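Topology and contacts: notes
Here's the letter readout for the chains.
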Amino acid sequence: MANCPKCGEHLKVTDWKQHCPHCGGNIVIYDIQERLMKDADIAEVQYYHFQKKIDRLKASFVGSRLAVIRIFTSLIPILAIVVPFFKCTFNEPFVSFKGFFSLFSLLDILDKFNVDNILSLLNTADGKIPLIVFLISVVLILLTVVLLLVRFFCLTMSCSKRGKSMCYAFDITLLVLSVISTVMFFAIPENPYFSIDFIIAPFVYLLLLIVNFAVDIAIFKKGISVKHAPCFVGGIPIEEYFQMVEKGVPQDEIRAEMYRRLAKMQEEKEAQLNKEEAKK
């Protein structure tokens, strides 16, 4: 249980009545205004910290023109996966296919795939290495798509203290994985089961990732100005309130200053209302 707000004595579970059994003070209404003011101070400080996070989130996406551009450069690379990615020929045990392969091509033949037959190439001398290299390349390129989506949601933290290192880590990882995947596609040995001839899509994908990285560099080099909405604690600007607390200003003086400023704000509000009514 809590302590009595008047005498400070500890209250037991059985002390449920309105008056304190030690001093007889009314626990509910004793110094209620000051207690409400303290609760309001805590709520306003918590709101200030929450508002700072919201302001940083907004600045991450619309804090500057480059930040708005980054929204598009972060998602456009995914579209490169949809277009025909390479020209290929697949024979048994794959689904027979010849032509330009894209994500839609994969969806069309997905129900015809026999995974066991494809994995049986791992037991063949001429199919094991090509299949492993091909699967690693595909997994890496799909991993970059997942990372692009994760990175987009992590942009909400790009204006935080570690936002720069986080974005750079994503950008570098995406470029490294994309380059490795592209190189491994080129390195697939000749085999009788499938062959891949490259078209421009993988290089466009890599170029879009480079543009994405360049936009990030430009943003952090120029910087984003985070505009914080003004916050008050009892009518005192919160920055000034923090300074008063750090300097050790007595609580009574802080509270007196709050009442003075709140009264002034109320007078200004009433004067504004009277002025508007007079115009009407």
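My aim in this report is to walk through the structure given alongside it, one point at a time. Note that the structure is predicted; figures quoted are calculated from it, not measured. The numbers attached to residues start from 1 for each chain and follow its sequence in the written order. The predicted origin of the model limits local features to residues at a pLDDT of at least 70 and limits the giving and counting of side-chain atom pairs to 80 or more, whereas totals for whole chains, interfaces and linings rest on all residues. Excluding hydrogens and water, the side-chain values take into account all heavy atoms of the structure.

1. Re the sheet that holds strand β3 (residues 194-198)
Here a strand pair is declared whenever DSSP counts at least two bridges between the two strands. Per the convention used, a helix needs a DSSP run of H or I reaching at least four residues, while a strand needs a run of E reaching at least two, with both numbered from the N terminus. Taken together, the three strands give an open sheet; going across it, the order is β2-β1-β3, and neighbouring strands pair in antiparallel fashion. One side of each edge strand has no neighbouring strand; the edge strands of this open sheet are β2 (97-101) and β3. Strand after strand, the sheet turns through a mean of 15 degrees between neighbouring axes, direction not considered. In this description, a line fitted to the C-alpha atoms serves as the axis of each element, helices being fitted only across the stretch in contact, and the angle between N-to-C directions of two axes falls anywhere from 0 to 180 degrees.

2. Digging into the nonpolar core
If you look at the biggest cluster of nonpolar residues, it comprises 41 residues, and the most contacted ones within it are Phe94 and Tyr205. Ranked by residue count, the leading element in this core is helix α5 (residues 128-154), at ten residues. Here, two residues are considered to be in contact whenever any of their heavy atoms come within 4.5 Å of each other. If sequence neighbours within four positions are ignored, Phe94 has contacts with Ile118, Leu121, Leu131, Tyr193 and Phe194. Among buried residues, the Ala, Val, Leu, Ile, Met, Phe, Trp, Tyr and Cys ones that are joined through side-chain atoms within 4.5 Å form a nonpolar core. Classification of residues uses two cut-offs on accessible area relative to the type maximum, computed with a 1.4 Å probe and protein chains only: under 20% is buried, over 50% is exposed, and between them is partly exposed. In this structure, Val45, Ile236, Tyr241 and Ile254 belong to the second largest nonpolar core, which totals eleven residues.

3. Structural notes on a nonpolar patch on the surface
Without a salt bridge and with relative accessible area above 30%, a residue can belong to a patch; like charges are then joined within 9 Å and nonpolar side chains (Val, Leu, Ile, Met, Phe, Trp, Tyr) within 5 Å. For every accessible area listed, the method is Shrake-Rupley and the probe measures 1.4 Å; residues are considered covered only by the protein chains on display. Just to be clear on terms, a salt bridge is a Lys or Arg side-chain nitrogen sitting within 4 Å of an Asp or Glu carboxyl oxygen. Side chains of Val115, Leu119, Leu122, Ile129, Ile132, Leu135 and Ile136 sit close together on the surface and give an oily, nonpolar patch of about 540 Å² of accessible area. The element that contributes the greatest number of residues to the nonpolar patch is α5, accounting for four residues. Here Leu119 is to be found in helix α4 (residues 115-119). What makes Leu119 partly exposed here is its relative accessible area of 39%.

4. Some remarks on the pattern of salt bridges
By the definition in use, this model includes seven salt bridges. In this structure, the salt-bridge partner of Asp216 is Arg70, at a minimum N-O distance of 3.0 Å. Here Arg70 lies in helix α2 (residues 65-82) and Asp216 lies in helix α7 (residues 201-222), a separation of 146 residues in the sequence. Exposure class is identical for Asp216 and Arg70. Each is buried.

5. Quick look at the packing of α2 against α7
Packing of α2 against α7 brings their axes to within 9 Å, and their N-to-C directions diverge by 165 degrees. Considered as vectors, α2 and α7 are oriented roughly antiparallel to each other. Along this stretch, α2 crosses α7, giving a crossing that reads as left-handed. Of the residues in α7, those in contact with Leu66, Ala67, Arg70, Thr73, Ser74, Ile76, Pro77, Ala80 and Ile81 of α2 are Ala201, Tyr205, Leu208, Leu209, Val211, Asn212, Val215, Asp216, Ala218, Ile219, Phe220 and Lys222. The cut-offs work like this: below 35 degrees is roughly parallel, past 145 is roughly antiparallel, 65 to 115 is roughly perpendicular, and the gaps in between are oblique. In this scheme, a crossing is called left-handed if the near helix is turned counterclockwise away from the far one by less than a right angle; it is called right-handed if the turn is clockwise.

6. Topic: the side chain of Thr73
Locating Thr73 in the fold gives a position in helix α2. The exposure class assigned to Thr73 is buried, which follows from its relative accessible area of 11%. We define a polar contact as two N or O atoms separated by no more than 3.5 Å, with the added condition that, inside protein, one atom must be a possible hydrogen donor and the other a possible acceptor, whereas residues neighbouring each other in sequence contribute only through side-chain atom pairs. Within the local environment of Thr73, its side chain forms a polar contact with the side chain of Asn212, the two groups lying 3.3 Å apart. Beyond its immediate sequence surroundings of up to four residues, Thr73 is in contact with Val211, Asn212 and Val215.

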